[in-house]
Amino acid sequence: MSTNGTTWSLYCSACDATAPGDVLASLCPVCGQPWLTSVTLPDRSVGIDSAARGLWRYRSVLPVSAGEPVVAIGEGWTPMFESPALARALGIARLWIKDEGQNPTASFKARGMALAITRARAFGVPGVTVPTAGNAGAALAAYAAAAGMPVRVYAPRTTPPPILDTVLAFGATLILVDGHIGDAGREARAYADDHGWFNVATLREPYRVEGMKTMGYEMAEQLGWRLPDAFVYPTGGGEGTIGIWKAIAEMQGAGWLDPDARRPKVIVAQAAGCAPIVRAFAANADRAEPWVDPVTYASGLRVPTPLGDRLLLRALRESDGAAVAIDDAVMRVQTERLSAATGVDAAPEGGCALAALEVLVASRTLGSTSEVVLFNTGSGASYRWRD
Ligand SMILES: Cc1ncc(COP(=O)(O)O)c(C=O)c1O
Ligand SMILES: [Zn+2]
């Protein structure tokens with residue numbers, strides 16, 4: 001059992017720059033691209049603290065110092081359960097649903113914010129800002145509340161009201177923005193720069209993605225330390241997908257998983273009204289062009305210029321993966337189907353993932369022997385309201 005902290009350092013995802021781990025990092029100062037964290041994994045037999053709650057069982061692979069108190073409110077170790085009925089209906093061998101809607105504030109965003117706020121508190125930042133498609137703001141509001149830290153959340157006016165209500169319930173300052181998350185990003189950055197606050201926008205700091213990678217560790221452990229043939233992730237800014245891919249590389253590199261096992265195909269599911277990664281992957285490009293006029297009711301997927309584009313496209317290529325765009329109308333049907341078939345309160349983003357899976361079976365990218373993990377990244381309850 002390990003209760004020790006980790007030592008870590010930073011490396012740039014795009015150039016040769018490196019930095020020590022004991023700084024509060026934002027972007028690589030040389031090229032402006034995201035930092036990633038390099039950790040040395042202990043042996044698996046001592047690397048997991050099975051007495052720790054939630055994702056903190058993997059504390060030994062996270063950027064947290066020895067003895068450091070963490071900001072934790074129950075994140076991670078979400079259930080992953082098999083749906084033989086859906087697998088049969090789809091025509092694949094096995095299907096597991098990992099239900100991230102069961103995190104604090106009902107989305108996977110809790111994982112990243114637990115790490116980001118733990119680091120922000122360790123460095124004594126006076127406050128935090130975030131631009132958000134919705135769920136990241138709700139999660140940040142909760143973690144900042146737990147840490148006693150002021151927080152400003154910048155969200156599009158079109159964000160589902162239940163998510164905005166959650167932000168307000170934690171006492172955060174909410175700024176509604178005309179436009180999309182990119183417009184919110186400019187305002188969040190400007191405030192943070194002017195006031196010496198820390199901006200925790202997706203991949204503008206390296207800690208959120210470390211929280212996200214615990215989904216990959218959990219997926220492997222919950223499958224009995226092996227990997228599926230593919231995982232399907234509804235992708236906006238990309239930190240979930242990038243985090244899981246990073247986890248797989250770490251686990252294979254350190255022998256937690258068979259280093260020679262084939263890595264799963266990365267399946268990126270996006271909304272047809274905002275699909276910059278699908279378009280860039282189809283064009284075999286390294287970077288994604290901004291998506292003009294992004295529209296989808298799956299608010300978490302309305303991210304027209306993902307900073308993680310390069311990393312997402314690399315993961316898609318390295319894994320021989322696939323990227324699929326889904327119409328909102330199809331997403332609605334598949335969201336209901338996912339809920340009705342499994343008992344999971346599916347978010348539209350989860351429905352998007354199911355729709356993408358069906359497309360890939362139809363195109364024979366996946367087939368009757370495929371074992372697939374599908375991420376339901378949020379909760380349907382966050383998207384239901386009466387006017
Ligand atoms: C429910 C849900 N699913 C998926 C996403 C997209 O996640 P990522 O930005 O990690 O690609 C979001 C982002 O806000 C979300 O809220
Ligand atoms: Zn760089």
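Scroll up to find the structure.
Since the structure is predicted, the reported quantities are computational estimates derived from the model, not experimental observations. (Residues numbered from 1 in each chain as written. Chains lettered and ligands numbered in written order. Predicted model: local features only at pLDDT ≥ 70, side-chain atom pairs only at ≥ 80, totals over all residues. Heavy atoms only, no water.)

*Asks:* What exactly am I supposed to notice about the overall build of the protein chain here?
*Replies:* When you go through the protein chain residue by residue, the secondary structure sums to 12 helices and 13 strands. The C-alpha radius of gyration of the protein chain comes to 19 Å, within 12% of the 21 Å expected for a compact globule of 387 residues. Reported as C-alpha extents along the three principal axes, the dimensions of the protein chain are approximately 50 × 50 × 40 Å. The 387 residues of the protein chain split such that 61% are buried. (Helix = DSSP H or I, 4+ residues; strand = E, 2+ residues; numbered from the N terminus. Rg over C-alpha atoms; globule rule 2.2 N^0.38 Å. Buried < 20%, exposed > 50% of the residue type's maximum accessible area, 1.4 Å probe, protein only.)

*Asks:* Explain the nonpolar core here, please?
*Replies:* Buried together is how nonpolar side chains tend to be arranged in soluble globular proteins. Among the nonpolar cores identified, the biggest contains 89 residues, and V128, M219, F231, M251 and W256 are the most heavily contacted of them. Beyond its immediate stretch of four places on either side in the chain, W256 contacts L41, P42, D43, R44, G47, I48, Y58, S60, V61, Y217, W225 and M251. Core analysis: the next-biggest nonpolar cluster, separate from the first, contains 31 residues, V324, I326, A346 and L354 among them. (Core = buried A, V, L, I, M, F, W, Y, C linked by side-chain atoms within 4.5 Å. Contact = heavy atoms within 4.5 Å.)

*Asks:* What am I meant to see in the packing of helix α3 (residues 109–122) against helix α7 (residues 207–222) here?
*Replies:* Packed helices, taken two at a time, are described by their axes: the angle between them and the distance between them. At their nearest, the axes of α3 and α7 sit 6 Å apart, and the two run at 135° to each other. If you check the angle between α3 and α7, you find them oblique. Handedness of the crossing formed by α3 with α7: right-handed. Here α3 contributes K109, R111, G112, M113, L115, A116 and R119 to the contact with α7, which in turn contributes Y207, R208, E210, G211, M212, T214, M215 and E218. Per-class residue counts for the contact of α3 with α7 are 6 nonpolar, 3 polar and 6 charged. (Axes fitted to C-alpha atoms, helices over the stretch in contact; angles between N-to-C directions. Parallel < 35°, antiparallel > 145°, perpendicular 65-115°, else oblique. Left-handed = near helix turned anticlockwise from the far one by under 90°. Nonpolar A, V, L, I, M, F, W, Y, C, P; charged D, E, K, R; others polar.)

*Asks:* How do you make sense of the sheet that holds strand β3 (residues 35–39) when you look at a structure like this?
*Replies:* The strands that make up a sheet are held in pairs by hydrogen bonds between backbone atoms, and each pair lies either parallel or antiparallel. Overall, antiparallel pairing links the 3 strands, which are arranged β2-β1-β3 in an open sheet. Looking at the sheet topology across the chains shown, the edges are occupied by β2 (18–20) and β3. The sheet shows a mean angle of 30° between the axes of neighbouring strands, taken without regard to direction. Here strand β1 (residues 8–12) runs beside β3; their pairing, made up of 5 bridges, is antiparallel. Within β3, the residue paired with Y11 across the bridge is L36. (Pairing = 2+ DSSP bridges.)

*Asks:* Would you mind going over the sheet that holds strand β6 (residues 128–131) with me for this structure?
*Replies:* With parallel pairing, 4 strands are arranged side by side in an open sheet as β8-β7-β6-β9. Lying at the two open borders of the sheet, with one neighbouring strand each, are β8 (173–177) and β9 (198–199). For β6 and β9, the ladder comprises 2 bridges, and the chain directions are parallel. For V128, the partnering residue across the bridge sits in β9 and is F198.

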